[in-house]
Structure formats: structure tokens, C-alpha cells
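An overview of the molecular structure
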Amino acid sequence: MRGQLATALGGRRGMLEAAVPTAAFTLLFVTTHHLRTSLAIAIACAAVLLVVRIVQRSTPQFVLNSLVGIGIGGLFAYRAARGGGDANDQALAYFLPGILYNAAYSVVMVLTIVVRWPVVGFMVGGVTGDPTGWRQDRAVVRLCSRLTWLLVLPCVVRVAVQAPVYLAGRNGWWDESSAVATLGVAKLAMGWPLQVAALAAMVWLLSRNKTPADSQA
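An account of the accompanying structure is given in this report.

Here is what the cut-offs are and how they apply
Residues numbered from 1 in each chain as written. Predicted model: local features only at pLDDT ≥ 70, side-chain atom pairs only at ≥ 80, totals over all residues. Heavy atoms only, no water. Core = buried A, V, L, I, M, F, W, Y, C linked by side-chain atoms within 4.5 Å. Buried < 20%, exposed > 50% of the residue type's maximum accessible area, 1.4 Å probe, protein only. Helix = DSSP H or I, 4+ residues; strand = E, 2+ residues; numbered from the N terminus. Domains from an automatic or database assignment. Contact = heavy atoms within 4.5 Å. Axes fitted to C-alpha atoms, helices over the stretch in contact; angles between N-to-C directions. Parallel < 35°, antiparallel > 145°, perpendicular 65-115°, else oblique. Nonpolar A, V, L, I, M, F, W, Y, C, P; charged D, E, K, R; others polar. Expected span 1.5 Å × (residues − 1). Bend = angle between axes of the 7 residues up to and from the residue. Polar contact = N/O pair within 3.5 Å; in protein donor to acceptor, adjacent residues only side chain to side chain.

1. Here's the deal with the nonpolar core
- In this structure, Phe-25, Phe-29, Leu-92, Tyr-94, Phe-95, Val-180 and Leu-183 are the most contacted members of the largest nonpolar core, which totals 18 residues.
- Sorting the residues of this core by element identifies helix 2 (11–32), helix 3 (35–56), helix 4 (61–82), helix 5 (87–114), helix 7 (138–170) and helix 8 (176–189) as the ones contributing at least two each.
- For this core, the element with the most residues is helix 5, which contributes five residues.
- Counting contributing residues per domain, this core is built from domain 1 (1–58) and domain 2 (86–209), each supplying no fewer than three.
- Ignoring any residue separated from it by four or fewer positions in sequence, one finds Val-180 in contact with Val-30, Asn-88, Ala-91, Leu-92 and Phe-95.
- Grouped together as the second largest cluster of nonpolar side chains are 16 residues, Met-109, Trp-134, Val-141 and Val-152 included.

Put into C-alpha cells, the structure is as follows:
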């Protein structure tokens, strides 16, 4: 089951591929406020990673995920610019979709736990080819619920830290440039490092629990 979960989450390579283009765009945009240049460099990074995946005939899912995230954030920043916003307004707008995404993702994942259909079960089921087979074992359902809590925790932490900073900068409660700089640091620090920590905790939890998948291996 540990191998199946790692595959579903993309492993270290998948998380790195998702992180590099996003980190490049965030760092450049926050420091230079040049939207087009930041987008071009981030897309170039993603394109290189995408070509490697295609040459190796492996899934480009995680590279494409990062491109979608960058595109949505860039669109929000572009709309802020069209609305007359300055560089700080554009930068703040760029961070908003990520905050909303993490908030929505947290709510959805917690709901799957509450109704006893934890999302991690579907992730593992998708890899094994039996999307709902894990539901037949109550112990596996409980384990998947705990794993889902570990998966949702980084999202909750991001929202808890970034949302107040965004609101403070957006509403003038805090200097906009300081809010932008803080959000930039928070986005980088709470991106793949939190995901790696969550994955490590999930692997540790799995090492302490036997599952039918482990028994069949």
C-alpha cells in the first residue's frame, strides 16, 4: 500500500515537478513584479520537465498541474492589472487562487472523512484498478481516514497562515509590499516542504499498520 500511495501522490519526482515551475514563477513575480517574464520562465521550466516526461513515456500529470496553477494565478494577476491595480495589487491577486483552492480542498477532504469515504482510499484504489475495493475492510477505511487527515493538514496550515496575511494586505491593515513578501515566503516554505513532511508522516503511519495490500505483496 505504501508503494500505491506514493504512486498516487507522484512520489518525490512528482512533487518536485509540481514545485519547480510554481516556485520559479512565485520568486520572480514577487521580486520583479514582471508578470510576462515570470510566466515565460515558469512555463519554460515546465516545458523542459514535460519534454523529459514525454521522452521517458511517463505521466506528465504533475507538470501539467503546476501549469494550471500558474495559469490561474497569472490570470488573476492580469485581471488586477487590467483593473488599474499596481504591482502589489497584482501580486496579492496572484496568491488568492491558491488560498481558495486549499480552503476548498480542505473542506472536500474533511467531508470525505466524515462520510467515511476518505479520499486517500480512492487514490489508492485508482492505482490498484479497484476504486472501491478498500471499503470492504473497516481497518483499511480507518487507516485511509487517518492518511487523509495527514494529507489535508498542509492545506489547512496554508490557509490559516496565508489568508490573514492576504486579507491584511488587501484591506490596508498591513503594508501591501510587506504582505506580498510574506506571502511569497509562505508559499515557497509551505509548498513542497509541507507535502514532503505529510508524505513522510503517511509512510510512517503505514509502516505501523498492516493492510490487505501489504499482505498480498
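2. Quick word on the environment of Trp-117
- Mapped onto the elements of the fold, Trp-117 is located in the loop between helix 5 and helix 6 (119–128).
- Taking the C-alpha atoms as reference points, Trp-117 and Thr-132, separated by 15 residues in sequence, lie 9.2 Å from one another.

3. Remarks on the packing of helix 3 against helix 4
- As a packed pair, helix 3 and helix 4 sit with axes 10 Å apart at the nearest point and diverge in direction by 170 degrees. One element, helix 3, and the other, helix 4, form an angle in the roughly antiparallel class. Between helix 3 and helix 4, the contacting residues are Leu-35, Leu-39, Ala-42, Ile-43, Ala-46, Leu-49 and Leu-50 on the first element and Val-63, Leu-64, Leu-67, Ile-70, Gly-74, Ala-77 and Tyr-78 on the second.
- Split by residue class, the contact of helix 3 with helix 4 holds 13 nonpolar, one polar and no charged.

4. Regarding helix 7
- Compared with an ideal rise of 1.5 Å per residue, which puts 33 residues at 48 Å, helix 7 spans 46 Å between its outermost C-alpha atoms and is within 8% of the ideal.
- Along helix 7, the sharpest kink reaches roughly 30 degrees, centred on Val-152 and followed within four residues by the proline Pro-154.
- You can read the cap of helix 7 off the contacts: a side-chain oxygen lies 2.9 Å from the backbone nitrogen of Ala-139, and it is on Asp-137.
- Backbone geometry just after helix 7 places Gly-172 at a positive phi near 80 degrees.

5. Some words on the environment of Pro-60
- With respect to the secondary-structure elements, Pro-60 resides in the loop between helix 3 and helix 4.
- The class for Pro-60 is partly exposed, based on a relative accessible area of 25%.
- Taking the C-alpha atoms as reference points, Pro-60 and Gly-14, 46 residues apart in sequence, are found 8.8 Å from one another.
- Aside from chain neighbours lying at most four places away, what touches Pro-60 is Leu-50 and Arg-53.

6. Topic: unusual backbone geometry
- With a phi angle near 65 degrees, Arg-116 is a residue other than glycine that sits in the positive phi range.
- Secondary-structure assignment places Arg-116 in the loop between helix 5 and helix 6.
- Using a relative accessible area of 41% as the deciding quantity, one classes Arg-116 as partly exposed.

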